Amino acid sequence: MNEPKIFLIGDCHFGHRNIIKYCNRPFDSVEEMTKGLIKNWNSVVSKNDIVYVVGDFALCGKQKIIEIGKRLNGRKRLILGNHDGASIATYREAGFEFVYNHSIVLDDFYIVSHIPMVGISTNAPFANIFAHVHDDPTYKDCSCRSFCVSAERINYTPIWFEDIKALIKAQED
C-alpha cells in the first residue's frame, strides 16, 4: 500500500449560506457550494490519505455535519475553529479520527493553527500554517514562515502538505 499523503484545508464552512456573499465565493447556493467542495476534496484525496481541517468545518446541524463528513475521502482530523460548535461526538460520527482543541505540529517545524500567529520573524524556528482569515488581504497566501489554507486561497480544494512546504521554501530563496 502507498504511503498516505497529507492534505490541509480550512474554512470550508459547509452549510453556511452567508459565507458565499461574505467571501464572494463562486457558488450560487449552499447546496452548490457543498457539492463543489466535496467534489474538489474527493478529486485529490484518496481513502487512505490524511486531511487536516484547519478549523471551521461546517455551520449546520448535527445530521448535516455527519452526512457531509461521511461523503469526504480520507482520514480526517479537525483542529477546532471558532465556528466549530458541534460536540466532539458529532465530529467523530462524521468520520474525524482526531479532534484537537489546540494547535498541532507537523514535521517538527510547521505549527498548524486555526487563527494565524502574528509577528513571526523571518528567522523563526518554525512556520505557521493557518486558516481563519478567508480572503482578508491583510494576510499573505504564503511567506517564508507562513501559509494560509483558507478554502478561498487554495481553490476550495485540499492542498498537499508537500506543496505547502515547497511554496514556503521558495519564499526563502
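Residues numbered from 1 in each chain as written. Predicted model: local features only at pLDDT ≥ 70, side-chain atom pairs only at ≥ 80, totals over all residues. Heavy atoms only, no water.

Note that N73 resides in the loop between helix 3 (62–71) and strand 3 (75–79). For N73, a relative accessible area of 26% corresponds to the partly exposed category. In this structure the C-alpha to C-alpha distance between N73 and D56, which are 17 residues apart in sequence, comes to 18 Å. When residues no more than four places from it in sequence are discounted, the contact partners of N73 are W41, N42, V45, S46, K47 and V51. Reaching out from N73, the side chain makes a polar contact with the backbone oxygen of V45 at a distance of 2.8 Å. (Helix = DSSP H or I, 4+ residues; strand = E, 2+ residues; numbered from the N terminus. Buried < 20%, exposed > 50% of the residue type's maximum accessible area, 1.4 Å probe, protein only. Contact = heavy atoms within 4.5 Å. Polar contact = N/O pair within 3.5 Å; in protein donor to acceptor, adjacent residues only side chain to side chain.)

Another aspect to go through is the pairing of strand 4 (residues 96–100). Pairing of strand 3 with strand 4, which is carried by 4 bridges, proceeds in the parallel orientation. Within the sheet, the bridge partner assigned to K76 lies in strand 4 and is F96. Crossover strand 3 to strand 4 through helix 4 (residues 88–93) is right-handed. (Pairing = 2+ DSSP bridges. Right-handed = clockwise from strand over helix to strand, strands pointing away.)

Once that is clear, we can look at the nonpolar core. In this structure, L8, F14, F57, I129, F147 and V149 are the most contacted members of the largest nonpolar core, which totals 49 residues. Ranked by residues supplied to this core, first place goes to helix 2 (residues 30–44) with 5 residues. Once you skip the residues sitting within four places of it in the chain, I129 turns out to touch L8, Y110, I111, V112, S113, F147, V149, F161 and I164. (Core = buried A, V, L, I, M, F, W, Y, C linked by side-chain atoms within 4.5 Å.)

Negative phi is the rule for most residues except glycine; trans is the rule for most peptide bonds. The backbone phi angle of H134 is positive, close to 50 degrees, even though this residue is not glycine. Here H134 is to be found in the loop between strand 7 (127–130) and strand 8 (142–143). With phi around 55 degrees, Y156 is a residue other than glycine that occupies positive phi space. Within the fold, Y156 resides in the loop between strand 9 (146–148) and strand 10 (159–160).

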